[in-house]
Each structure stands twice: as structure tokens, then as C-alpha cells.
Amino acid sequence: MTLPQLNIYRHDRGTRALITLAGEIDPVTAPQVRTALERCLYDGITTIDVDLTTVGLCDTSGLRVFLDAARHAAETHASLRLHYPSPQTARLLVDTGSDRVLL
């Protein structure tokens, strides 16, 4: 059995961070995403842009991470936005009403 793999890249520009994710976001990899997003807020980043161009799958565990991070960001006067979700991820966001918060 092969474990799902997720690569996380972070590029900062002042108080803005671009997080590029590549792979799958599921119960195994979602904690890695949570850690990366929390680290941004801990480091004083106020705008977090998450590029999902190369994410093939994002399930509800990934959605929970994004919603929690967006809520935490708002509490610290920061923002988090998802960009370029796959059709599957976009459908998940729309079906749950999360698109209004995350896109």
C-alpha cells in the first residue's frame, strides 16, 4: 500500500504567503496542511493564498482544515483564500457552502 503524498511549498512576500500544494489532501496529509497554515499565522502572515492547481483530491478532512484555518485567520485579522481548485474540490466547496468563505 502506498501512502498518499502531499508536497507543500511556501513563498513569502512581506506579510503575504503563497502556499502551493501538490498531491492529495486526505486524513493522512491534512495535518501537514494544518501545520503549514498555522505556521503562516504564527509567523505574522496576514494574507494566505493557497494554490490548489496540482491537488488532485481534497476530501472533507482537507475542507475542515481550510475552514478552521480561515476562521483562525479571521480571528487574527488575517485572510485565507483558495485558488484554482480542481472540479472535484470546487464541487465540494459549493456543495458545502464553503465556497463563500474560502474562494
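Keep in mind it's a predicted model, so treat the numbers as computed, not measured. (Residues numbered from 1 in each chain as written. Predicted model: local features only at pLDDT ≥ 70, side-chain atom pairs only at ≥ 80, totals over all residues. Heavy atoms only, no water.)

1. Regarding the state of the cysteines
- Scanning the model with the defined rule gives zero disulfides in all.
- With no disulfide of its own, C40 lies closest to C58 among cysteine sulfurs, the gap being 17 Å.
- Using a relative accessible area of 0% as the deciding quantity, one classes C40 as buried. (Disulfide = S-S within 2.5 Å. Buried < 20%, exposed > 50% of the residue type's maximum accessible area, 1.4 Å probe, protein only.)

2. Section: the side chain of D51
- Along the chain, D51 falls in strand β3 (residues 47–58).
- Among the polar contacts made by the side chain of D51, one reaches the side chain of T53 at a distance of 2.5 Å.
- Filtering out sequence-adjacent residues up to four positions away, D51 remains in contact with L18, I19, T20, L21, H83 and Y84. (Helix = DSSP H or I, 4+ residues; strand = E, 2+ residues; numbered from the N terminus. Polar contact = N/O pair within 3.5 Å; in protein donor to acceptor, adjacent residues only side chain to side chain. Contact = heavy atoms within 4.5 Å.)

3. Remarks on the UniProt feature "domain: STAS" (unreviewed entry) in the protein
- Following the UniProt record, the feature "domain: STAS" (unreviewed entry) maps to residues 18–103 here.
- The span residues 18–103 is 50% helix and 29% strand, and its two end C-alpha atoms sit 15 Å from each other. (UniProt positions renumbered as here; feature names shortened; annotations may be inferred.)

4. Regarding helix α3 (residues 87–96)
- Taken together, the buried positions of α3 are T89, L92 and L93. The buried residues of α3 occupy one face: seen down the axis, they fall within an arc of 95°. Within α3, the exposed residues directed more than 90 degrees away from the buried face are P87 and D95.
- Following α3 by one or two positions, G97 has its phi on the positive side, about 75°. (Arc of directions from axis to C-beta.)

5. Quick look at the nonpolar core
- Among the nonpolar cores identified, the biggest contains 28 residues, and L21, I25, L37, I48, V50, F66 and L80 are the most heavily contacted of them.
- For this core, the elements supplying multiple residues, two or more each, are β2 (16–25), α1 (30–42), β3, α2 (60–75), β4 (79–83) and α3.
- When near neighbours in sequence (up to four residues on either side) are disregarded, L80 contacts L37, I48, V50, F66, A69, A70, A73, V101 and L102. (Core = buried A, V, L, I, M, F, W, Y, C linked by side-chain atoms within 4.5 Å.)

6. Considering unusual backbone geometry
- One non-glycine residue, H77, lies in the positive phi region at around 60°.
- Among the secondary structure elements, H77 is positioned in the loop between α2 and β4.
- Judged by its relative accessible area of 73%, H77 falls in the exposed class.
- Non-glycine residue Y84 carries a positive phi angle of around 60°.
- The residue Y84 is located in the loop between β4 and α3 in this model.

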